[in-house]
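# Close look at the chain arrangement
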Amino acid sequence: MRTTRVLLVRHGATVLSAEDRFAGETDAALSEAGVEQARLLGVRLATEEIAAFVASPLSRAMETARRIAAPHGAPVAAEAALREISHGRWEGQSRAEVEALFPDEYARWERDPFTFAPEGGETGLAVTARALPALLALVASHEGRQILIVSHKATIRLLLSSLLGFDPRSYRDRLDQSPAALNVLDFRGLENARLCLFNDTSHYRPAGARLPDAPAPRLSKRWSAP
């Protein structure tokens, strides 16, 4: 059995992510910073042998993947199951706005975002149920090779929680994903996944930066306290 490597990437920054707004199914484009983050990751991975490039169909993910794939002259395939979690009626609103408009709903989601969803939205469980089989199918069809997948913050954290045995109810506070972050997963079969690199942004951090930034609020009440 040969090792299959997955380069799992979050899309680059968008205007909505910079404003700390819920933008799951909202089709926000990359910001100028996000375009540059994706380009720099493409430079970093330009000499890697990558058998396939796959992305969520949302434009921020597809654009990130296309910029990474450009040095390879390779196409990007869209996979709907890798799209971001839907926040239903919260879409486009800031965390403060959601707390003010839907206090009970927000409190329940803060306690358990895996099994509870806002009205019209998806639970973390529902996201895992669609995204994990899609990821494993890609692994199975590219055994022994390296593939690149571009997805989204919540979707990636839920996938990692499932693959590595973390409690998915706390994925929002225990796992981070910066814009255009690179994660590396190795698979030996479909049952054995090993995380080799997590949330790495060294391709766009200032020269000489040795550590990642401290956690920012990023829609999490726990990390918003001073």
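Presented here is a report on the structure given in the accompanying data block. (Residues numbered from 1 in each chain as written. Predicted model: local features only at pLDDT ≥ 70, side-chain atom pairs only at ≥ 80, totals over all residues. Heavy atoms only, no water.)

### Digging into the overall build of the protein
Each helix and strand counted, the protein has eight helices and six strands in total. Of the regular secondary structure in the protein, the N- to C-terminal order runs β-α-α-β-α-β-α-α-α-β-α-α-β-β. A globule of 226 residues ought to have a C-alpha radius of gyration of about 17 Å, and the protein, at 17 Å, matches this closely. By its C-alpha atoms, the protein is 50 × 40 × 30 Å across when sized along the principal axes. (Helix = DSSP H or I, 4+ residues; strand = E, 2+ residues; numbered from the N terminus. Rg over C-alpha atoms; globule rule 2.2 N^0.38 Å.)

### Some words on the packing of aromatic side chains
For the coordinates displayed, the defined rule picks out five aromatic pairs. Taking 5.6 Å as the distance between ring centres and 75 degrees as the angle between the ring planes, the aromatic pair formed by Phe-22 and Trp-109 counts as edge-to-face. In this pair, Phe-22 sits in the loop between helix 1 (15-18) and helix 2 (32-44) while Trp-109 sits in helix 5 (residues 103-111), placing the two residues 87 residues apart along the sequence. With a relative accessible area of 0%, Phe-22 lands in the buried category. The exposure class of Trp-109 is buried, given its relative accessible area of 3%. (Phe/Tyr/Trp six-rings, centres within 6.5 Å; stacked < 30°, edge-to-face > 60°. Buried < 20%, exposed > 50% of the residue type's maximum accessible area, 1.4 Å probe, protein only.)

### Things to note about the sheet that holds strand 3 (residues 77-78)
Paired through their backbone hydrogen bonds, the strands of a sheet run either parallel or antiparallel. What the six strands build is an open sheet, ordered 3-2-4-1-5-6; its pairing is mixed. Looking along the sheet, the strands with just one partner apiece sit at the ends: strand 3 and strand 6 (193-200). Bridge analysis of strand 2 (residues 52-55) against strand 4 (residues 146-151) gives four bridges, and the strand direction is parallel. Of the residues in strand 4, the one forming a bridge with Phe-53 is Leu-148. (Pairing = 2+ DSSP bridges.)

### Overview of the packing of helix 2 against helix 3 (residues 59-69)
Closest axis-to-axis distance for the helix 2/helix 3 pair is 7 Å, and the angle between their directions is 35 degrees. Where helix 2 crosses over helix 3, the handedness of that crossing is right-handed. Facing helix 2, whose interface residues are Val-35, Ala-38, Arg-39, Leu-41 and Gly-42, helix 3 presents Thr-64, Arg-67 and Ile-68. Each residue belonging to the contact of helix 2 with helix 3 can be placed in one class, and the counts come to four nonpolar, two polar and two charged. (Axes fitted to C-alpha atoms, helices over the stretch in contact; angles between N-to-C directions. Left-handed = near helix turned anticlockwise from the far one by under 90°. Contact = heavy atoms within 4.5 Å. Nonpolar A, V, L, I, M, F, W, Y, C, P; charged D, E, K, R; others polar.)

### A look at the pattern of salt bridges
Under the definition given, this model contains 13 salt bridges. For the salt bridge of Arg-5 with Asp-186, the shortest nitrogen-to-oxygen distance reads 2.6 Å. On the criterion of sequence distance, the pair formed by Arg-5 in strand 1 (residues 4-10) and Asp-186 in strand 5 (residues 182-187) is long-range, its members being 181 residues apart. Ionic pairing is found between Arg-172 and Glu-110, a salt bridge with its closest N-O pair at 3.4 Å. Pair noted here: Arg-172 is in helix 8 (residues 171-174) and Glu-110 is in helix 5, with a separation of 62 residues, a long-range link. Among the ionic contacts, a cluster of salt bridges with common partners joins Arg-5, Asp-186 and Arg-194. (Salt bridge = Lys/Arg side-chain N within 4 Å of Asp/Glu carboxyl O.)

### Some details on the side chain of Gln-37
If you trace the backbone, Gln-37 turns up in helix 2. From its side chain, Gln-37 meets the backbone nitrogen of Ala-13 in a polar contact 3.0 Å long. (Polar contact = N/O pair within 3.5 Å; in protein donor to acceptor, adjacent residues only side chain to side chain.)

### Considering helix 7 (residues 153-164)
With twelve residues, helix 7 should reach 16 Å at 1.5 Å per residue; the first-to-last C-alpha distance of 16 Å fits that figure. For helix 7, the full list of buried residues reads Lys-153, Ala-154, Thr-155, Ile-156, Arg-157, Leu-158, Leu-159, Leu-160, Ser-161 and Leu-163. Looking one or two places after helix 7, you find Gly-165, whose phi comes out positive at around 80 degrees. (Expected span 1.5 Å × (residues − 1).)

### Quick look at helix 3
Turning to helix 3, its buried residues are Arg-60, Ala-61, Met-62, Thr-64, Ala-65, Ile-68 and Ala-69. On the buried face of helix 3, the contacting elements are strand 1, helix 2, strand 2, strand 3 and strand 4.

### Comments concerning unusual backbone geometry
One non-glycine residue, Ala-180, adopts positive backbone phi at about 55 degrees. With respect to the helices, strands and loops of the structure, Ala-180 is situated in the loop between helix 8 and strand 5. Despite not being glycine, Asn-199 shows a phi value in the positive range, around 50 degrees. Within the secondary structure, Asn-199 is located in strand 6.

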